[in-house]
Amino acid sequence: MVWTHVVLGVSLFISLNLTNKTADLKHSSLPSALKMSSRVSGDLERDEAEEEEEEEESMNPTEVKMSQIVMPCHSNHRQELSVGHLLKWIDSTACLSAERHAGSPCVTASMDDIHFEHTISVGQVVNIKARVNRAFNTSMEVGIQVSCEDLFSDRHWRVCHAYATFVTQRRNTGQKVILKPIVPHTQREQVEYSVAAERRRVRMVHDDIIKDLLSHGSIQQGRLDTDLFKCSYAVAAERTKVESVELVLPPHANHQVNTFGGQIMAWMVNVATIAASRLCQAHPTLRAIDMFTFRGPSQIGDRLLLRAIVNNAFKNSLEVGVRAEAYQEEGPNRHINSAFMTFEVLDDHGKPCMLPRIRPEPLEGERRFQEAIARKKIRLDRKYIISRTQGEVPLSVPWDPRNQVYLSYNNVSALKMLAARNNWRLSSEKDKVRLYTLEQKSTLSFRVESEVDVPAHRAFCLLAELSSRPSWDKHYQKCELIHRVDDDDFLYRVVTPSVHHGAPGSPTSANLGAGILQDFILLASKRKPCSSGDPYVIALRSVSLPTHPPTDTYNRGEVLCAGFTILESENNMSLVRQTSV
């Protein structure tokens, strides 16, 4: 049945002529991509990671590398590298990369979520690589990769990756430094450049997502009950409180006399670890740090007041909230940073242990308790959405307005990454319409491209308007808008012919000649270019809605990744690429 889908898709694709008329552009065969999606298995993330390893090293002018051997003075009680030291090395490497591009002093503005996949032991080597992915006028995103090397076995493995945002310090006149744009060269750099715009969108609404979760009363499982306060074995949150003061000395500052962002993070990890230890009465392992933002600078001579407390304890993990404030001998405290860190306690076999419950403080403690649940939900949603593989059934992710930002991000970034893969093979060409295929392990991907005599913005408007498509595309029998999420994201129900036929005796067996109709519930995410060189994007993926369950009347189809990328070309023409897996 797989090849039935493929043959149908190929026959539709090569019959198109997109070069001369707008009408030809409209008949590009998106439904064929949808029809063959649910039967092709594979792991996109795994293939993409392997492709990255195969890509030759490029001479990126912003790339900075750091290698450090882990000494006993860098380690914790387990003879493993302290996360605080690792954060300092990460921040220093990323800052040097940012300054190499900016040509002026830079400071850390924020750090995206970091998940630590592995620990690093004494005697092993930490390799850190940082490069600027994209510059946004006065800020820039730096991508950081951390790997570990065992000198005796010649093994290498990934520890974590992170994305940091840096800004330049103002000139003496008070003016901001305008950054020159990044020019990507390799396929990998082009993908990171393009997806950086999506990550920036997520950063800007991260705090609003937490507020929305709490304001709409959507955290049901975290509702406090009287039993928790009466529970004799629950640990009072007050017992986990930690307060510590650090004096910022010259060794803690960078070459601009500002406190290293990595040093502040290291101090925050220290107090968070103490707070977690007080709850579990064991040595915890830091697994993740949520996205955080530096709210202001700190300088030599500042006193940094660090406060930590366990916000909530789940079955196998706990969240610690940390707040950093700076002050001089006189004057008010300045809020520098807040961070939320997730810890686990591992047994002798490396498995997470059960943790005691936490009894929050009244009022503020209850607020922190609920917010910790909201952050956990976001982490699980994001992990679930991003880790979905083509082999999983069903492919559809449940639609929830609270995970919309991450679904949309994953929808667009997955399409961009797929379109930018190497080793596409030209399978056929007819009437200047080119069909490419890409087979990696068990994944079969298709790309159809053609240069059309239509401006890119016009092509984008035509292809993005799915509701009007049945009027000119015979393969779309129906397309109804279910919900307009915002200006860029929409939910549709699409009905198309199906290559499946009803079995004898089935409710649809009378329709064998024409085939059973097929429907899809799709999230359509459209994006205009952020700057020159960016494509117009129309990304599609399946979602599930309780209001639109599968029915016996239709064969429910699913798609993990499909859509269009449209690039402006010469003479007011555009290059249209339709990609699917």
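This structure is a prediction, so every number in the text was calculated from the model and none was measured.

Draft legend 1. View of the sheet that holds strand β13 (residues 334-344). With antiparallel pairing, six strands are arranged side by side in an open sheet as β3-β9-β13-β12-β11-β8. In the strand order of this sheet, the two ends are held by β3 (114-115) and β8 (242-247), each with one partner. Two elements, strand β9 (residues 285-289) and β13, share four bridges in a ladder whose sense is antiparallel. In the sheet register, I289 faces β13, and the bridge partner there is M341.

Draft legend 2. Region of the structure containing the pairing of strand β21 (residues 517-527). For β21, the tally of buried residues reaches nine of eleven residues, placing the bulk of the element in the interior. Bridging between strand β20 (residues 489-497) and β21 involves nine bridges; their strand directions are antiparallel. Within β21, the position partnered with F490 by the bridge is A524. Here two bridges tie β21 to strand β23 (residues 555-556), and the two strands are oriented parallel to one another. By the bridge assignment, D519 is partnered in β23 with R556.

Draft legend 3. Here's a closer look at the nonpolar core. Core analysis: the largest hydrophobic core is formed by 77 residues, its most contacted members being M140, I144, V320 and M341. Per-element accounting of this core gives the leading share, eleven residues, to helix α8 (residues 261-280). Here this core gathers at least three residues from each of two domains, domain 1 (61-182) and domain 2 (234-387).

Draft legend 4. Here's a closer look at the pairing of strand β18 (residues 443-452). With nine of its ten residues buried, β18 lies for the most part within the structure. Two elements, strand β17 (residues 433-440) and β18, share seven bridges in a ladder whose sense is antiparallel. The partner of Y436 across the bridge, within β18, is R447. Hairpin connection from β17 to β18: two residues lie between these consecutive antiparallel strands, with K441 at a positive phi of about 55°. Examined bridge by bridge, β18 and strand β25 (residues 574-580) share seven bridges and lie antiparallel to one another. Note that in β25 the partner of V448 across the bridge is Q578.

Draft legend 5. Expanded view of the packing of aromatic side chains. Scanning the model with the defined rule gives three aromatic pairs in all. For the pair F292 and F294, a centre-to-centre distance of 5.7 Å together with 80° between the ring planes defines the contact as edge-to-face. Among the residues examined, F292 registers a relative accessible area of 4% and is labelled buried. Aromatic pair F460 and Y536: ring centres 4.9 Å apart, planes at 35°, arrangement tilted. Placement of the pair is F460 in helix α11 (residues 456-464) and Y536 in strand β22 (residues 536-544), with a sequence separation of 76 residues. With a relative accessible area of 4%, F460 lands in the buried category. On the basis of relative accessibility, which here comes to 14%, the residue Y536 falls in the buried class. Above the plane of the ring of Y193 lies R134, whose end atom (NZ or CZ) is 4.0 Å from the centre.

Draft legend 6. Representation of unusual backbone geometry in the model. For Q281, which is not a glycine, the phi torsion comes out positive at approximately 50°. Among the structural elements, Q281 can be located in the loop between α8 and β9. Its relative accessible area of 66% is what places Q281 among the exposed residues. A positive phi angle, close to 65°, is found at K432, a residue other than glycine. On the secondary structure map, K432 appears in the loop between β16 (425-430) and β17.

Draft legend 7. Broad picture of the confidence of the model for the protein. Confidence in the prediction of the protein, expressed as mean pLDDT, is 81, and 81% of residues score 70 or more. Long-range and interchain partners of residues 1-56, a stretch whose pLDDT sits below 50, account for 147 contacts in this model, where long-range means more than four residues apart. Here residues 501-513 scores under 50 on pLDDT; set against residues more than four positions off or in separate chains, the count is 13 contacts.

Reading the values: rules and limits
- Every chain begins its residue count from 1, and numbering advances along the sequence as written.
- Reporting of local features is limited, given that this is a predicted model, to residues whose pLDDT is at least 70; pairs of side-chain atoms are given and counted only at 80 or more, and all residues count toward the totals for whole chains, interfaces and linings.
- Excluded from the side-chain calculations are hydrogens and water; all other atoms, namely the structure's heavy atoms, are used.
- Here a strand pair is declared whenever DSSP counts at least two bridges between the two strands.
- Only DSSP runs of H or I with at least four residues qualify as helices, and only runs of E with at least two residues qualify as strands; both kinds are numbered from the N terminus onward.
- Burial classification: accessible surface area is computed with a 1.4 Å probe over protein chains only, and a residue below 20% of its type maximum counts as buried, one above 50% as exposed, and the rest as partly exposed.
- Grouping buried Ala, Val, Leu, Ile, Met, Phe, Trp, Tyr and Cys residues that are joined through side-chain atoms within 4.5 Å yields what is termed a nonpolar core.
- Domain boundaries shown here were taken from an automatic or database domain assignment.
- Only Phe, Tyr and Trp rings take part, Trp by its six-membered ring, and two of them pair if their centres are within 6.5 Å. Stacked means planes under 30 degrees apart, edge-to-face means over 60, and tilted covers everything else.
- Counted as over-ring charges are cases with an Arg CZ or a Lys NZ within 6 Å of the ring centre that also lie within 35 degrees of the ring normal.
- Predictor confidence is given residue by residue as pLDDT, running from a minimum of 0 to a maximum of 100.
- Here a residue-residue contact requires only that any non-hydrogen atoms of the pair lie within 4.5 Å.

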